[in-house]
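Working through the structure, step by step
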Amino acid sequence: MTSNETLFETCLSDVRGDEGALIIAGWPLAELVAKHDYAAAAALLWRPFYPWSAPEISAALGQARARLWPLLQSRRALFADLSPLAAQRLALELCPDRAEAPVLTQLTEQVAALGLGLVLQQGAQALQPDATAEHVSDLLRLWRGQAPSTAEIQALSRYLVCVSEHGLNASTFTARVIAATASDLASALIGALGALKGPLHGGAPGPVLDMLDAIAAPENARAWAEAELAAGRRLMGFGHRIYRQRDPRADVLKQALQDLQQQHASEDLRRAEAIERILLQVLAAHKPTRALQTNVEYYTALLLHALGIEREAFTAVFALGRALGWSAHVFEQQATGRLIRPAAVYTGPLPR
Ligand code: ACO
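One structure accompanies this document, and this report is about it. (Residues numbered from 1 in each chain as written. Predicted model: local features only at pLDDT ≥ 70, side-chain atom pairs only at ≥ 80, totals over all residues. Heavy atoms only, no water.)

Re the site of the ligand
Under the convention used in this document: One heavy atom suffices: a residue is near a molecule or strand as soon as one of its heavy atoms comes within 4 Å of it. Two N or O atoms form a polar contact when they lie within 3.5 Å of each other; inside protein one atom must be a possible hydrogen donor and the other a possible acceptor, and for residues adjacent in sequence the pair counts only when both atoms belong to side chains. Computed by Shrake-Rupley with a 1.4 Å probe, the accessible areas treat only the displayed protein chains as cover when residues are assessed. Three classes are used, and their members are as follows: Ala, Val, Leu, Ile, Met, Phe, Trp, Tyr, Cys and Pro are nonpolar, Asp, Glu, Lys and Arg are charged, and the others, Gly among them, are polar.
Neighbouring residues of the ligand: 21 residues in total, closest Leu235, Phe238, Arg241, Lys287 and Asn295. Here an oxygen atom of the ligand sits 2.9 Å away from a polar atom, N or O, in the side chain of histidine 201. Protein contact buries 77% of the 920 Å² of open area that the ligand shows by itself. Partitioned by chemical class, the residues of the shell around the ligand number eleven nonpolar, five polar and five charged.

Some words on the state of the cysteines
Each disulfide consists of a covalent bond between the sulfur atoms of two cysteine residues. Short version of the rule: Any two cysteine sulfur atoms lying within 2.5 Å of each other are counted as a disulfide. In this scheme, a residue with accessible area under 20% of its type's maximum is buried, one over 50% is exposed, and one in between is partly exposed, where area comes from a 1.4 Å probe on protein chains only.
In total, this model carries zero disulfides according to the counting rule given. The closest cysteine sulfur to the non-disulfide-bonded cysteine 11 is located on cysteine 162, 20 Å from its own sulfur. Of the residues examined, cysteine 162 reaches a relative accessible area of 0% and is grouped as buried.

With respect to the side chain of serine 13
For clarity, the cut-off: For the purposes of this entry, the term helix denotes a DSSP run of H or I that reaches at least four residues, the term strand denotes a run of E that reaches at least two, and both are numbered from the N terminus. Should any heavy atoms of two residues lie within 4.5 Å, those residues are considered in contact.
For serine 13, the position within the fold is in strand 1 (residues 13-16). We classify serine 13 as buried; its relative accessible area is 11%. Of note is the side chain of serine 13, whose polar atom sits 2.6 Å from the side chain of glutamate 165. The residues contacting serine 13, other than those within four sequence positions of it, are Leu22, Ile23, Ile24, Glu165, His166 and Gly167.

Here we look at the packing of helix 8 (residues 150-162) against helix 13 (residues 248-260)
What counts is decided by this rule: Between N-to-C directions, angles span 0 to 180 degrees; the directions come from axes that are lines fitted to C-alpha atoms, helices contributing only their stretch in contact. Throughout, the term roughly parallel applies to angles under 35 degrees, roughly antiparallel to angles over 145, roughly perpendicular to angles from 65 to 115, and oblique to all others.
As a packed pair, helix 8 and helix 13 sit with axes 9 Å apart at the nearest point and diverge in direction by 175°. When the axes of helix 8 and helix 13 are compared, the pair comes out roughly antiparallel. Taken together, the residues of helix 13 that come into contact with helix 8 (itself represented by Ala151, Glu152, Ala155, Arg158, Tyr159 and Cys162) are Arg249, Val252, Leu253, Gln255, Ala256, Asp259 and Leu260. Among the residues making up the contact of helix 8 with helix 13, the classes are represented as eight nonpolar, one polar and four charged.

As for the sheet that holds strand 3 (residues 27-28)
What counts is decided by this rule: Any two strands with at least two DSSP bridges between them are considered paired.
Across the sheet, three strands lie side by side as 1-2-3; this open sheet has antiparallel pairing. The two strands at the open ends of the sheet, each matched to only one other strand, are strand 1 and strand 3. Across two bridges, the pairing between strand 2 (residues 21-24) and strand 3 is antiparallel. Directly across from isoleucine 23, in strand 3, lies its bridge partner proline 28.

Some remarks on the environment of glutamate 56
Inspection of the secondary structure puts glutamate 56 in helix 3 (residues 54-73). According to the relative accessible area criterion, glutamate 56 is partly exposed, its value standing at 40%. When the C-alpha positions of glutamate 56 and alanine 43 are compared, they lie 8.9 Å apart, and in sequence the two are 13 residues distant. When residues no more than four places from it in sequence are discounted, the contact partners of glutamate 56 are Pro51 and Leu104.

Below you can see the structure in the form of structure tokens.
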């Protein structure tokens, strides 16, 4: 198998690496993000398989939060010492087996579990879910212990919709491999979380912030980056297997960050832009034949940081968005009914 070999057909998204464009469920990324909240994006991604409307999904997510909360909260001591991703895995494990329930009930319960597991791991537990509220705003309220501002809800929603789906990336492929064995949705989501964790995939935004802290000021960026590359390390938030142009998600997230910070133009953003320009120059000189551009994780780090989210939780927040795409791919894989079983070329010793 070559590195980008086509394995499947999908109706979910088209990652156009040469153009630097992304189409999700028929929508250009920027338009999708501008016009859809979390439940509406879920409706678009799940529609080829189940005809649920956005209000139906929003209501089901609300009921799932209200149903799951007492169950997960009664085990809250278990969440305290876990990492954010481990807390999400635990919440999925603790979801009751509802094999007889409608698919929407099972699915929204597991999507809600990812959010509530993270909320409990962060220590918030004073409030009760509001089953009538919009999902992202209610999760933020539970997490913070107080109502978030409209700008914060909008920024987090735009982030989650922006990262909701992205072709056959490593975590989505993992989810499809698990679904193809006729295993259950929770197992596919748990497997996908494991693949997302790595810094070559969804684990990069925390290290992006570490990198910006280490560089501190644009005038240090060139020397710092050259030393990193000379030591054989990679610059986090740059490069992509498919995009040969700038990752279109970077600018959508940068816009979301600018809108969030409209009131108090951010020094952090100006510094990050200046550092980004220098790092791109250093990467171009380092690998002139390979277009190493800014990827989604660079502005993810800045946006989630501006929302007051700790860097250790960045990948788990990413998972809240990507869970929409993972589950859609599980449905798409289930519809094929085919086991995924690639072959490897044997290069070991031959029998004597
Ligand atoms: N910094 C420095 N060098 C880089 C970088 C980078 N960020 N990215 C790629 N390169 C170099 C590699 O060292 C390699 O050099 P070599 O040919 O001398 O060995 C060359 O460019 C090609 O690298 P590959 O690993 O083949 O590129 P690939 O397409 O497999 O990598 C990846 C994609 C893993 C994202 C890579 O660019 C990377 O490690 N980036 C940093 C981590 C990061 O930002 N991850 C988030 C990705 S976005 C997401 O998954 C949500």
